[in-house]
Amino acid sequence: MIHEKLQELCPVYAAGALDGEELRELEKHLKSGCPICQQQIRECSELMAVIAQTLPSLEPSAGLKSRVMAQIEKDSPGSSLVEFKTTTQISGRKRPSKALTWLPWACALAAGAALGVSLWNLSNLKRELAGAQSQLNQQQDQIQQIQNQLEKEKGVTAFLISPEVRVTMLAGTPKSPRAAGKILWNPRERKALFYASNLPSPPSGKTYQLWVIAQNKPFDAGTFSVDASGNGFLEIDSLSEADKAQKFAVTLEPAGGVPQPTGEMHLLGSL
Amino acid sequence: MSSPHTTISMPDQDLIRQVAQRNKTAFNSLYDRYCQLVLSLAWRVLSERQEAEDVVQEVFLQVWREAASYDQKRGSLCAWITTITRSRAIDKLRSRKSRRIYDPASEDILELDEQLPDTRILQENLDNRILLRGAFASLAKEQRIAIEMAYYEGMSQTEIAEVLKEPLGTIKTRIRSGLIKLKELIGPSLGN
Ligand SMILES: [Zn+2]
C-alpha cells in the first residue's frame, strides 16, 4: 500500500473503525515506527478525547469514589509503598524505560526547585573557576554544600563537570517577558538538561516544546509541562543536531508536541 | 505526603508521575479530575449506569497499576485515559449477547445541534466543554454519525457502511474529514 493510503487510514484507526486487511497493514506499518503516521494517530486520538469531553455528564453514584479508593488500597502491597517527605521530591521523573545512566540524573531532578538552584550555582561556579580562582575560595561553603548534595547523584556530577558541557541561557520573548530558561548540554554525548522558570501555565490541550535550531531549521527536543509557579524541567537523552546547534527556543504547541513549530515562541537563546 | 492542595492544581504530567510512584493523594486528585469524563464515556457506550460505574472502577485500577507505563510522548494523559475507557467499555458492550442497534436520530445528536455556539463565543471562550461541544456539533451530521458509530458503538467501518448502506470509502472519508474539520475548529482557538 502506498504511504498516502496508509496515512489516510490513521483517523479511521484512531476512531476505532479500521478492520480487516487495512487494519493489519496499518498495524504492521506502525510497528515499523513511521513517525508521520504515529503523529497522525496521536493527533486524532487527542481529538477523540476532545469528542468524549463533549458528552453530557452523569453524576457518579455516592459510593463510587470510595469503591475506587478501596480497590487501590487493596492493590497496594505495603512493602512497595514509597514515602514522600516533600512535594518537590515527588516531581522526579521515575520512568523505568529510561536508560540506567539517566536514572541518577532523573533522581537528581526529583529534588525539584532546590536542585534547580544548585545546578544554577554550580554552573556559575564553573564559569568563575575558569575566570578567577580566588573568587572560588570565597564560595567554599557554597561549593561544599553543593558537592554534598551532588555526591549522591553521580550522574549529575559526571554530566556537569565534563568540560564539554555548554550552557545556553534563554530569555523570555515579549509573549513571556518574565520567563527565563537555561539549557546545559553536551554536544558530543547529546545529553541535555533544560530548565525553565516563570512560564505562564499553558491552556489545556497545549504543551511547551523545546526546539534546537541548527542550520536555520528547528528540530524537536521534546515537550515539557510546568508546575503552578511556571517552572519546568526536561531531560534529553539524545539532543538532535546537538553538534550544530545555533539557538534554542520554546514554543507553545498542541499537547503531545508537533514535528515543526506552529505556536507562539516564549523563550529564545543563542549560543 | 504532598497536601491535597498541591496535587489539585498540579499539571497532568506531574500528577501521573506521582501516581506512578504510588502516591495516593495524587491518585485522589487524578480521580477527581477524570472521573466525570470516564463515567460519561462509559455511560454513552453502555447506556447502563451499573456497568458504566464498573468500567470506572476498572479504568482507575488500570491507571493506578500502569501509570508508570504512560508516556507523554505518545499523547496527553486525557487521551490515554479516554482510550483505556473506550476500549474497556467497548469490550463490555461486545460481551453482551445482543447489541443495541445504533439509531442515528438519537437524542444525543439532536441535543448537540441546539448547543451550537456562535463564532464569537468560539473565539472568546477557550477550552470549555460548551465550546468543544459546539465544535463537534458543527461537523456535518454524516461525519458525526460515522465517528459516533465507530467510537461509541464499537462498529467497524465495514459494519457502519452496511448499516448506513453507503460505500466503504465514503465512511472512511466521513471519519477522516470530520476529524480534520474538528482539528481546524479547535486547533487555532486553543492556541490563543
Ligand atoms: Zn506512515
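Because the structure is predicted, anything quoted here is derived from the model rather than measured.

What follows concerns the sheet that holds strand E1 (residues 166-172) of chain A. Within a sheet, neighbouring strands are paired by backbone hydrogen bonds and run either parallel or antiparallel to one another. All names here are of chain A. Spatially, eight strands are ordered E5-E4-E7-E8-E1-E2-E3-E6 in an open sheet, and the strand pairing comes out antiparallel. A strand with exactly one partner marks an edge of an open sheet, and here the two such strands are strand E5 (217-224) and strand E6 (232-236). Each strand axis lies, on average, 20 degrees off the axis of its neighbour in the sheet, ignoring direction. The pairing of strand E4 (residues 206-214) with E5 spans seven bridges and is classified as antiparallel. Directly across from Ile-213, in E5, lies its bridge partner Pro-218.

Let's shift gears to the environment of Phe-248 of chain A. All names here are of chain A. Following the sequence through the fold, Phe-248 ends up in strand E7 (residues 245-254). You can call Phe-248 buried: its relative accessible area is 0%. If we skip the residues at most four places from it in the chain, Phe-248 touches Thr-168, Leu-170, Ile-183, Trp-185, Leu-210, Trp-211, Val-212, Leu-239, Leu-267, Leu-268, Gly-269 and Leu-271.

Counting from both sides, the interface comprises 65 residues of chain A and, opposite them, 67 residues of chain B. Of the roughly 6400 Å² buried between chain A and chain B on both sides combined, carbon and sulfur atoms contribute 59%. Considering only the surface of chain A that becomes buried against chain B, Thr-54, Leu-55 and Leu-58 of chain A emerge as the three largest contributors, covering 10% of it. Our count for the contact surface shared by chain A and chain B stands at seven salt bridges.

The subject of this paragraph is the confidence of the model for chain B. Residues and elements named next belong to chain B. Mean pLDDT over chain B stands at 82; residues scoring 70 or higher make up 77%. Across chain B, element-level confidence peaks in helix H4 (residues 49-66) with a mean pLDDT of 96 and bottoms out in helix H7 (residues 119-124) with 36. Scored below 50 in pLDDT, residues 105-127 makes 37 contacts in the model with residues more than four places away or belonging to other chains. As a predicted assembly, this complex carries a pTM of 0.54 together with an ipTM value of 0.83.

Quick look at the packing of aromatic side chains now. Residue and element names in this part refer to chain B. By the definition in use, this model includes nine aromatic pairs over all chains. Taken together, Phe-27, Tyr-31, Phe-60 and Trp-64 form an aromatic cluster joined through their ring pairs. Above the ring of Trp-64, the side-chain terminus of Arg-22 is found at 4.5 Å from the ring centroid.

By volume, the largest pocket is sized at about 1300 Å³. Every residue lining the largest pocket is counted, 50 residues in all, and those nearest its centre are Ser-204, Gly-205, Lys-206 and Ala-255 of chain A together with Ser-76 of chain B. Contributing elements (two or more residues each) for the lining of the largest pocket: helix H3 (35-53), E4 and E5 of chain A together with helix H2 (12-20), helix H3 (24-46), helix H8 (129-137) and helix H11 (168-190) of chain B. When residues in the lining of the largest pocket are grouped by element, the largest group, nine residues, is from H3 of chain A.

Under ideal tetrahedral coordination, the four donors around a metal are separated by 109.5 degrees; under ideal octahedral coordination, the six donors are separated by 90 or 180 degrees. Residues and elements named next belong to chain A. The protein atoms that coordinate the zinc ion are His-3 (NE2), His-29 (NE2), Cys-34 (SG) and Cys-37 (SG), at distances spanning 2.0 to 2.2 Å. Between the four donor atoms coordinating the zinc ion, the angles at the centre fall across 104 to 119 degrees, so the site counts as tetrahedral. Site description for the zinc ion: donor spacing in sequence, H-x25-H-x4-C-x2-C. Of this pair, His-3 sits in helix H1 (residues 3-14) while Cys-37 sits in helix H3, and the two are 34 residues apart along the sequence. Take Cys-37: its relative accessible area is 0%, and that puts it in the buried class.

Residues and elements named next belong to chain B. Notably, Arg-22 is not glycine yet its phi reads approximately 65 degrees, a positive angle. Along the chain, Arg-22 turns up in the loop between H2 and H3. Despite not being glycine, Lys-165 shows a phi value in the positive range, around 55 degrees. Positionally, Lys-165 belongs in the loop between helix H10 (157-164) and H11.

Definitions and limits used
- Residues numbered from 1 in each chain as written.
- Chains lettered and ligands numbered in written order.
- Predicted model: local features only at pLDDT ≥ 70, side-chain atom pairs only at ≥ 80, totals over all residues.
- Heavy atoms only, no water.
- Pairing = 2+ DSSP bridges.
- Helix = DSSP H or I, 4+ residues; strand = E, 2+ residues; numbered from the N terminus.
- Axes fitted to C-alpha atoms, helices over the stretch in contact; angles between N-to-C directions.
- Buried < 20%, exposed > 50% of the residue type's maximum accessible area, 1.4 Å probe, protein only.
- Contact = heavy atoms within 4.5 Å.
- Buried area = accessible area lost by both parts, 1.4 Å probe.
- Salt bridge = Lys/Arg side-chain N within 4 Å of Asp/Glu carboxyl O.
- pLDDT = per-residue confidence, 0-100.
- Phe/Tyr/Trp six-rings, centres within 6.5 Å; stacked < 30°, edge-to-face > 60°.
- Lys NZ or Arg CZ within 6 Å of the ring centre and 35° of its normal.
- 1 Å grid on protein atoms, 1.4 Å probe; cavity = no way out; pocket = protein on both sides within 12 Å on 5 of 7 lines; lining within 4 Å.
- Points joined across faces, edges and corners; volume = space filled by probe spheres on them.
- Donors = N, O, S within 2.8 Å, 3.2 Å for Na, K, Ca; no water.
- Tetrahedral: all angles 85-135°; square planar, octahedral: opposite > 155°, others 65-115°.

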